[in-house]
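Residue strings, one per chain:
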Amino acid sequence: MINMKELLRSEQNRLMIPPNPPNAERLNSQMKAMTVIHGFQYGLPDSEIGHKWHIPDPASQRLTWNKPPKNVLVIKKIKDASLLQPFKDLCRFLSEQQKMIVYVEKKVLEDPAIVSDNSFGPVTKKFCTFHEDYDDISDQIDFIICLGGDGTLLYASSLFQASVPPVMAFHLGSLGFLAPFNFDAFQCQVTQVIEGNAAIVLRSRLKVKVMKEHKEKKIELRNGLSESTVRLTKTKEKEHGKRVIQYQVLNEVVIDRGPSSYLSNVDVFLDGHLITTVQGDGIIVSTPTGSTAYAAAAGASMIHPNVPAIMITPICPHSLSFRPIIVPAGVELEIMLSPDARNTAWVSFDGRNRQEIFHGDSIIITTSCYPVPSICFRNPVNDWFESLAECLHWNVRKKQNHFIVEEEDY
């Protein structure tokens, strides 16, 4: 595997950027995520490091364990009876045959069908359990296995606000665009991953800061008294007198008009310069991974996850010329209400943590330095095109008939 200096140089060549670009410091910090974390490393083999303008093959990114993985987090789609047996089979295999420590969310084991299964009871006693938002397991997990649809992968991303372990996703949900593995041969496939025989794709995330003015709201209590309280939770820090909440987003940030009947009216800044004002239902800022989700439904292009970019897509813009655009991954976007906006806006992050945005608040978005290493079934290119064909039926059309040439009589 290549060392850090070679990896940064390789990534500069892949991104086709000069040695000291305007955003060099920010880009270098983003590349630092591609190093040894959670007991594994990922990158390109030495054979892929070529001359100055060599562009490496994304299919050559491989997963290599520095030490055998011991702790695995199993994420199961909640309230889906069809996943109970696959969940039990997988946990038995990991715990009894692979001798791994299995982490499971507490609410998964509270399912009555699991509680009432006496034969599965001895297995669950070996599990390590946790509660979302209360227990931090970010530095204890070696890799993750998801059972369900794309939502389980998004949920896994939300649990790790810094570096993320490799994620193996089994397609047991509705769509499964991000879940390339079928469960039929799970034992063989999981064993290959544990042995380090797997390709990966680094799915970039967005680092999002929500900077909010100090606002208070009167809340009526049950006893008739009132209490003045701050309308904010999960405050991380303060900047310029504002409270700041940070999120790591895998798919998209959506800013919309919420329940208001007025047009959304927000200003979009790129590296401090106003580039446009969005007047419409809202705006989507997405990663390449998120380009096949809400953004695709709003008319955007679909971007392969290996492409370093951020996509900006308007939602029903009140303009015939407002098309989706793609900007470099190294830029910083800032979105806030226009001074003459008639109403507030609402923002959500991968469909979660929805909150209202007022005048004076701002949303700062850039590419995160913590991608999600997603384990591939074959390789990043083949898996992506197979998902386009199987899940989205990309370019499906009945074939045009060829001309039938009748033989002429001579």
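1. Points about the overall build of the protein chain
For the protein chain, the helix and strand inventory stands at 10 helices and 23 strands. When the 410 residues of the protein chain are sorted by exposure, 50% land in the buried category. A sequence separation of at least 24 residues applies to 70% of the contacts in the protein chain between residues at least 6 apart. Of the accessible surface of the protein chain, which amounts to about 21,200 Å², a share of 51% is contributed by carbon and sulfur atoms.

2. Considering the pairing of strand β3 (residues 71–76)
Of all the 6 residues making up β3, 6 are buried; the element is thus mostly covered by neighbouring parts of the structure. Every second residue of β3 is oriented toward a common face, with N71, L73 and I75 on one face and V72, V74 and K76 on the other, all of them buried. Of the strand pairs in this sheet, β3 and strand β4 (residues 101–105) are connected by 3 bridges, and their pairing is parallel. When the bridges of β4 are listed, N71 appears paired with I101. Following the chain from β3 across helix α3 (residues 84–97) to the adjacent parallel β4, one finds a crossover that is right-handed. Two elements, β3 and strand β6 (residues 143–148), share 5 bridges in a ladder whose sense is parallel. Among the inter-strand pairings, I75 is bridged to a residue of β6, identified as C146.

3. Some details on unusual backbone geometry
Residues apart from glycine generally show negative phi values, whereas peptide bonds are mostly found in trans. Backbone geometry places D271, a non-glycine residue, at a positive phi of 50°. Locating D271 in the fold gives a position in the loop between β15 (264–270) and β16 (273–286). One non-glycine residue, N395, lies in the positive phi region at around 55°. In this fold, N395 is placed in the segment after α10 (380–391). Its relative accessible area of 67% is what places N395 among the exposed residues.

The rules behind each value
Counting from 1, residues in each chain are numbered in the order their sequence is written. Residues qualify for local features only when their pLDDT is at least 70, as the model is predicted, and side-chain atom pairs are given and counted only at 80 or more; totals for whole chains, interfaces and linings, by contrast, use all residues. Processing note: side-chain calculations cover all non-hydrogen atoms of the structure and skip hydrogens and water entirely. Runs of E in the DSSP output that reach at least two residues are strands. Runs of H or I that reach at least four are helices, and both are numbered from the N terminus. Think of it in three bands: residues with accessible area under 20% of the maximum for their type are buried, residues over 50% are exposed, and the middle band is partly exposed, with areas taken using a 1.4 Å probe on protein chains only. Note on contacts: a residue pair qualifies if any of its non-hydrogen atoms lie within 4.5 Å across the two residues. Residue burial considers only the protein chains on display, and all accessible areas are found by Shrake-Rupley using a 1.4 Å probe. A strand pair is defined by DSSP finding two or more bridges across the two strands. By convention a crossover is right-handed if, when the strands point away from the viewer, the path from the first strand over the helix to the second runs clockwise.

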